[in-house]
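# Geometric and topological summary
Listed here are the chains, written in short residue letters.
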Amino acid sequence: MPEETDLEELRRGTELVKRGFAQMQKGGVIMDVVNAEQAKIAEEAGAVAVMALEAVPADIRKRGGVSRMADPETVTEIIDAVSIPVMGKARIGHYTEAQILESIGVDMIDESEVLTPADNDYHIDKREFTSPFVCGARNLPEALRRINEGAAMIRTKGEAGTGDVNQAVTHQRTIKHQIRSLTGLNFDEREKWAREHEAPAELVHETAEMGRLPVVNFAAGGIATPADAALMMYHECDGIFVGSGIFGAEDPEQMGEAIVEAVNNWDDPDTLADIASGIGKGMKGEANVGMADEDKLQDRGV
Ligand SMILES: O=C(CO)[C@H](O)[C@H](O)COP(=O)(O)O
């Protein structure tokens, strides 16, 4: 007779299954799309999955106002249009948006700082859901808090919608540096580190022993060219999210394909030179350095 906790896990999907789905996206590019037509272009370009949202982050910045989950009808059209996994964005702490996305059958939910947070103090308890979740992080304690809440994938927050890769690099370097410094600590010192950094101790020990995050770690926020995507793979990310950089480019089809190829060939500069040649202009972008605090999306939901 299975234990009650086993039955609960079966009902909600085990951590293993959720993390396994995230693992399957490794080495791939996940592209933001706002409709079925863009989703087909992304699939054709070689995306491993698409992320359905109301508007890409660069447009969210321009438009201002409150940014919410996409229309479920549009998300369903996207699901029907492609054969690759479809992810959807919910606001931080917005249980109901996440439940709606789960009910229409998205493959993964992004509890995203790119949308206007619904809750100032609490993230969604992601363990309550059958769908796996991805969440953004700027550093290791933040990543471990999200994993503790049930996230099956972590992505850098970067500074979404700017087309400037600077903050994605900073976040990835910070996470790697913090993991490296943990591995030299003994048990007591890690316990202290966990307390001081408001990080779950058990996950601190697990990360130190593994020498990496216990879930897949993607790059996101500001990746706008094939070279940016290759740079994030050089920084040991497991894969890439690209939003504004594809459909904000002069030629989205060529840019999409080139970014996928760049991820496949990130350590081969000669091939990267070919991939990056003659693909049209990238999105215009906005530099991260000196950005006013009120314009930053990365500080939401820490
Ligand atoms: O939140 C995301 C990842 O799930 C966005 O898709 C990503 O950050 C997009 O940013 P950008 O438009 O700068 O590529």
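The rules behind the values
One numbering rule holds for all chains: residues counted from 1, following each sequence as written. Local features in a predicted model are, by the rule used here, given only for residues with pLDDT of at least 70; side-chain atom pairs are given and counted only at 80 or more, and totals for whole chains, interfaces and linings are based on all residues. Where side-chain values are given, they derive from all heavy atoms of the structure, hydrogens and water being excluded. Salt-bridge detection follows one rule: a side-chain nitrogen of Lys or Arg within 4 Å of a carboxyl oxygen of Asp or Glu. By definition, any uninterrupted DSSP run of H or I lasting at least four residues is a helix, any uninterrupted run of E lasting at least two residues is a strand, and each is numbered from the N terminus. For every residue, the accessible area obtained with a 1.4 Å probe (protein chains only) is divided by the maximum for its type, and the residue is called buried under 20%, exposed over 50%, and partly exposed between those limits. Being paired, for any two strands, means DSSP has found at least two bridges between them. Place the viewer so that the strands point away; then a crossover is right-handed whenever the path from the first strand over the helix to the second strand goes clockwise. Within the patch definition used here, like charges are joined within 9 Å and nonpolar side chains (Val, Leu, Ile, Met, Phe, Trp, Tyr) within 5 Å, considering only residues with over 30% relative accessible area and no salt bridge. Only the protein chains shown count as covering a residue, and every accessible area follows the Shrake-Rupley method with a 1.4 Å probe. For the charge count, each Lys or Arg is scored as positive and each Asp or Glu as negative, with His and the chain ends excluded. Charged groups are reduced to one reference atom each: NZ for lysine, CZ for arginine, CG for aspartic acid, CD for glutamic acid. Residue contacts are defined here by distance: any two heavy atoms, one from each residue, within 4.5 Å place the two residues in contact. Lining residues are defined by having an atom within 4 Å of a point belonging to a cavity or pocket. Those points lie on a 1 Å grid over the protein atoms alone, cavities being sets where a 1.4 Å probe fits but cannot get out and pockets being open sets with protein on both sides within 12 Å along at least five of seven lines. Grid points are joined across faces, edges and corners, and a volume is the space filled by probe spheres set on the points. Here the nonpolar group is Ala, Val, Leu, Ile, Met, Phe, Trp, Tyr, Cys and Pro; Asp, Glu, Lys and Arg are the charged ones; every other residue, Gly included, is treated as polar. UniProt positions are given in the numbering used here, feature names are shortened, and annotations may be inferred rather than shown by experiment. Definition of nearness: a residue and a molecule or strand are near each other if at least one heavy atom of the residue lies within 4 Å of the molecule or strand. Any N or O atom pair separated by 3.5 Å or less is treated as a polar contact, with the protein-specific requirement of one donor-capable and one acceptor-capable atom, and with residues adjacent in sequence counted only for side-chain atom pairs.

The subject of this paragraph is the pattern of salt bridges. Scanning the model with the defined rule gives 20 salt bridges in all. The salt bridge partner of E15 is R19, with a shortest N-O separation of 3.6 Å. In this pair, E15 and R19 are both assigned in helix α2 (residues 15–23), four residues apart and thus about one turn of the helix distant. A salt bridge links D125 to R127; the nearest nitrogen and oxygen atoms lie 2.9 Å apart. Residue D125 is classed as buried on the basis of its relative accessible area of 18%. Residues joined in a network through salt bridges with shared partners are K89, D110, E113 and R155.

Let us look at the pairing of strand β5 (residues 133–137). Of all five residues making up β5, five are buried, and the element is well covered by its neighbours. Of the two faces of β5, the one holding F133, C135 and A137 and the one holding V134 and G136 are both buried throughout. Of the pairings in the sheet, the one linking strand β4 (residues 108–112) to β5 comprises three bridges and is parallel in character. Across the sheet, I109 pairs through a bridge with F133, a residue of β5. Of the strand pairs in this sheet, β5 and strand β6 (residues 153–156) are connected by four bridges, and their pairing is parallel. Bridging across to β6, C135 finds its partner in I154. For the segment spanning β5, helix α7 (residues 140–148) and β6, crossover handedness is right-handed.

The next subject is a negative patch on the surface. Together, E37, E44, E253, E257 and E261 make up a negatively charged patch on the protein surface. Put simply, the parts of the chain that give the negative patch at least two residues each are α3 (36–45) and α13 (252–264). The leading source of residues in the negative patch is α13, at three residues.

What follows concerns the side chain of N217. Inspection of the secondary structure assignment puts N217 in strand β7 (residues 216–218). Sequence-distant contacts of N217, defined by excluding residues within four places in its chain, comprise I154, Q172, R212, C237, D238 and G239.

This next bit is on the layout of surface pockets. Empty space left among the atoms is revealed by rolling a probe the size of a water molecule over them. Of the volumes computed, that of the second largest pocket is approximately 260 Å³. Lining the second largest pocket are 16 residues, and of these A58, D59, K62, S244 and M283 sit closest to its centre. With four residues, the single largest contributor to the lining of the second largest pocket is helix α4 (residues 57–63). In terms of residue class, the lining of the second largest pocket is made up of five nonpolar, six polar and five charged.

Among the surface-exposed residues, L231, Y234 and W266 lie close enough to one another that they form a single nonpolar patch of about 290 Å² accessible area. Looking at where Y234 falls in the secondary structure, it is placed in helix α11 (residues 226–234).

Right, let's get into the UniProt feature "binding site: D-glyceraldehyde 3-phosphate" (unreviewed entry) in the protein. When the UniProt feature table is mapped to this numbering, "binding site: D-glyceraldehyde 3-phosphate" (unreviewed entry) covers R173. As for its placement among the helices and strands, R173 is situated in helix α8 (residues 166–183).

This paragraph deals with the site of the ligand. In the vicinity of the ligand there are 17 residues, among which D32, K89, D110, G222 and S244 approach most closely. In this structure, G243 approaches the ligand through a main-chain N or O atom, which is 2.8 Å from an oxygen atom. One of the side-chain nitrogen or oxygen atoms of S244 is found 2.5 Å away from an oxygen atom of the ligand. The protein chains hide 99% of the 370 Å² of surface that the ligand would expose on its own. Of all elements in the fold, only β4 and β8 (240–242) reach the threshold of two or more residues within the shell around the ligand. Looking at the shell around the ligand, its residues break down into seven nonpolar, six polar and four charged.

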